[in-house]
Amino acid sequence: IMSTQDTSEISIKVIVRVRPHNERELQDNSRTVVEVVDDKMLIFDPKEHETPFFFHNVAQKGRDMLKKQNKQLQFIFDRIFSSTATNTNVFEGSTKNLITSLLDGYNCSVFAYGATGAGKTHTMLGTKEDLGITYRTVAELFSEIEKQTKHREFHLGVSYLEIYNENVQDLLHKSGQLHLREDGRCGVVVAGLEPITIQSAEELLSLLAEGNKNRTQHPTDANKESSRSHAVFQVYIKIINKLDSQVQRVKLSMIDLAGSERASATGCKGIRFKEGANINKSLLALGNCINNLADGIKHIPFRDSKLTRLLKDSLGGNCRTVMIANIGPSSLTYEDTYNTLRYANRAKKI
Ligand code: ADP
Ligand code: MG
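No experiment lies behind these values; they were computed from the predicted model shown.

Caption draft 1: View of the overall build of the protein. Counting its regular elements, the protein contains eleven helices and 16 strands. Residues counted as buried form 53% of the 350 residues belonging to the protein. By sequence separation, contacts in the protein at least 24 residues apart represent 71% of the contacts at least 6 residues apart. About 16700 Å² of surface is accessible on the protein, with carbon and sulfur atoms providing 49% of the total.

Structure below.
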């Protein structure tokens, strides 16, 4: 089935977030390979200066000359967050103003992309001290709804599911594998999925925590299994206009993607991903869909995976997409960072 897209309606914002060095990277004799120039530009694998220069208040020393030539690649993105940014900063510069579009009728989706350990879950879920952008975005949604209740009535349901090995599992109810069905009116629906009604963003916190416990493996483990699953959080909003009783349905999707290291192993060289035996199907399909959308190609292969089927109406058509590419700062994750930057760079060309 060919999907025709009005490209003028498609918008994707590509954001890069650099996490701080971890203990190991500080102890090892690793070098910083990401230089954030300003909030839109970074240099990957910068040339090392003759005289020491200061980066995050740390003097960078010259390196031995046996090292291969530095790439010194400049990348421009819609927004770049350096390692000192908090989740509040990231929220304010990424998803905060999505809510206006959402309530104006655009389906919105937010992806955290990156290798395992790059900071995806920190960005989406966060910690008690620094709550992630999922909570913050929903809190913003409630606060915007509050301002509009005079003219519109809102009904909210949330779901939280996991896609692991192309199996869809509800993280909020104990159920077996769920199936995707085409529904004439609502597009693709997850059969048997029961959205939970929430009245406040606070109610969401316990749901998110509960859902995460039910993930194939706890997401904070640097664990093989959890790094291969996508956690898909969705808010379904039914808006009733009090004046004419018109009903509108919109959806917000926030996805903590599987680790991209397996996808990058084949090299996302820009044309098409090659599918290998051990490669995450949904992550590859997402890359291909976004690449085709970016290139203005009419055929978008939504049907190639569970994730892209599920998000068909949130990627193509009337939608807003935010991609947050998470990277590490250190030479220890050089290849992952390089691949993620290239992936993110391809995604922004819409
Ligand atoms: P991923 O979900 O991409 O595998 P995580 O979000 O679990 O990665 O991050 C890996 C580790 O790095 C975690 O211990 C996390 O707390 C830490 N971390 C990631 N990003 C940040 C950040 N911006 N600030 C502080 N710690 C971070
Ligand atoms: Mg994670």
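Caption draft 2: Examining the side chain of lysine 251 more closely. Inspection of the secondary structure assignment puts lysine 251 in strand β15 (residues 247–256). A polar contact of 3.1 Å, which involves the side chain of lysine 251, links it to the side chain of aspartate 313. Each residue touching lysine 251, except ones within four places of it in the same chain, is listed here: Leu102, Tyr106, Asn107, Cys108, Gln234, Val235, Tyr236, Leu310, Asp313 and Ser314.

Caption draft 3: Region of interest: the packing of helix α8 (residues 281–295) against helix α11 (residues 334–347). α11 packs onto α8 with a crossing angle of 40° between their chain directions and a minimal axis gap of 8 Å. In this view, α8 runs oblique relative to α11, as classed from their interaxial angle. Note on element contacts: α11 touches α8 through Tyr343, Arg346 and Ala347, opposite Leu283, Leu286, Gly287, Ile290, Asn291, Ala294 and Asp295.

Caption draft 4: How the structure looks around unusual backbone geometry. Here the phi dihedral of aspartate 45 falls at roughly 55°; this positive angle occurs in a residue that is not glycine. Inspection of the secondary structure assignment puts aspartate 45 in the loop between β3 (41–44) and β4 (53–55). On the basis of relative accessibility, which here comes to 1%, the residue aspartate 45 falls in the buried class. The phi angle at glutamine 72 is positive, at roughly 50°, despite the residue not being glycine. Counting through the fold element by element, glutamine 72 comes out in the loop between β5 (58–60) and β6 (73–76).

Caption draft 5: The arrangement of the environment of lysine 251 in detail. Using a relative accessible area of 10% as the deciding quantity, one classes lysine 251 as buried. Counting along the chain gives 71 residues from lysine 251 to leucine 180, while the straight-line C-alpha distance between them is 17 Å.

Caption draft 6: Molecular detail of the packing of helix α2 (residues 87–94) against helix α5 (residues 133–148). The interhelical angle for the contact between α2 and α5, taken along N-to-C directions, is 50°, at an axis separation of 10 Å. Between α2 and α5, the angle is such that the two are oblique. As α2 packs across α5, the resulting crossing turns out to be right-handed. Taking contact as the criterion, the partners of Asn87, Thr88, Val90, Phe91 and Ser94 in α2 are, on α5, Ile133, Arg136, Thr137 and Glu140. Of the residues contributing to the contact of α2 with α5, the split by class is three nonpolar, four polar and two charged.

Caption draft 7: Summary view of the nonpolar core. In this structure, Leu42 and Phe44 are the most contacted members of the largest nonpolar core, which totals 44 residues. Looking at this core element by element, the count peaks at six residues for α11. Excluding anything up to four places from it in sequence, phenylalanine 44 contacts Val33, Val34, Lys71, Gln72, Leu73, Phe75, Tyr334, Thr337, Tyr338 and Leu341. With 40 residues, the next largest nonpolar core counts Cys108, Ala231, Met254 and Ile324 among its residues.

Caption draft 8: Inspection of the pairing of strand β14 (residues 230–241) at higher detail. Among the twelve residues in β14, nine count as buried, and that is most of the element. In this sheet, β15 lies alongside β14 in antiparallel orientation, the contact comprising ten bridges. Its bridge partner being in β15, isoleucine 240 is matched across the sheet by valine 247. Remark: five residues form the turn of the hairpin made by β14 and β15, two consecutive strands paired antiparallel; serine 245 in that turn has positive phi of roughly 60°.

Caption draft 9: Representation of the packing of aromatic side chains within the structure. Inspection of the entire model under this criterion finds five aromatic pairs. With 4.9 Å between their ring centres and 55° between their planes, phenylalanine 44 and tyrosine 334 make a pair best called tilted. In this pair, phenylalanine 44 sits in strand β3 while tyrosine 334 sits in helix α11, placing the two residues 290 residues apart along the sequence. We classify phenylalanine 44 as buried; its relative accessible area is 0%. On the numbers, 3.8 Å between centres and 15° between planes, the contact of tyrosine 113 with tyrosine 343 is stacked. Residue tyrosine 113 is located in strand β8 (residues 107–113), and its partner tyrosine 343 is located in helix α11; the two are separated by 230 residues in the primary sequence. The two residues tyrosine 113 and tyrosine 343 agree in class, both being buried. One aromatic cluster is present, formed by Phe44, Tyr334 and Tyr338 through successive ring pairs. The ring of tyrosine 338 has lysine 71 lying over it, and the distance from NZ or CZ to the ring centre is 4.8 Å. Arginine 320 extends its terminal NZ or CZ atom over the ring of tyrosine 106, reaching a point 4.0 Å from the ring centre.

What counts and what doesn't
Residues numbered from 1 in each chain as written. Chains lettered and ligands numbered in written order. Predicted model: local features only at pLDDT ≥ 70, side-chain atom pairs only at ≥ 80, totals over all residues. Heavy atoms only, no water. Helix = DSSP H or I, 4+ residues; strand = E, 2+ residues; numbered from the N terminus. Buried < 20%, exposed > 50% of the residue type's maximum accessible area, 1.4 Å probe, protein only. Contact = heavy atoms within 4.5 Å. Areas by Shrake-Rupley, 256 points an atom, 1.4 Å probe, with all protein chains shown as cover. Polar contact = N/O pair within 3.5 Å; in protein donor to acceptor, adjacent residues only side chain to side chain. Axes fitted to C-alpha atoms, helices over the stretch in contact; angles between N-to-C directions. Parallel < 35°, antiparallel > 145°, perpendicular 65-115°, else oblique. Left-handed = near helix turned anticlockwise from the far one by under 90°. Nonpolar A, V, L, I, M, F, W, Y, C, P; charged D, E, K, R; others polar. Core = buried A, V, L, I, M, F, W, Y, C linked by side-chain atoms within 4.5 Å. Pairing = 2+ DSSP bridges. Phe/Tyr/Trp six-rings, centres within 6.5 Å; stacked < 30°, edge-to-face > 60°. Lys NZ or Arg CZ within 6 Å of the ring centre and 35° of its normal.

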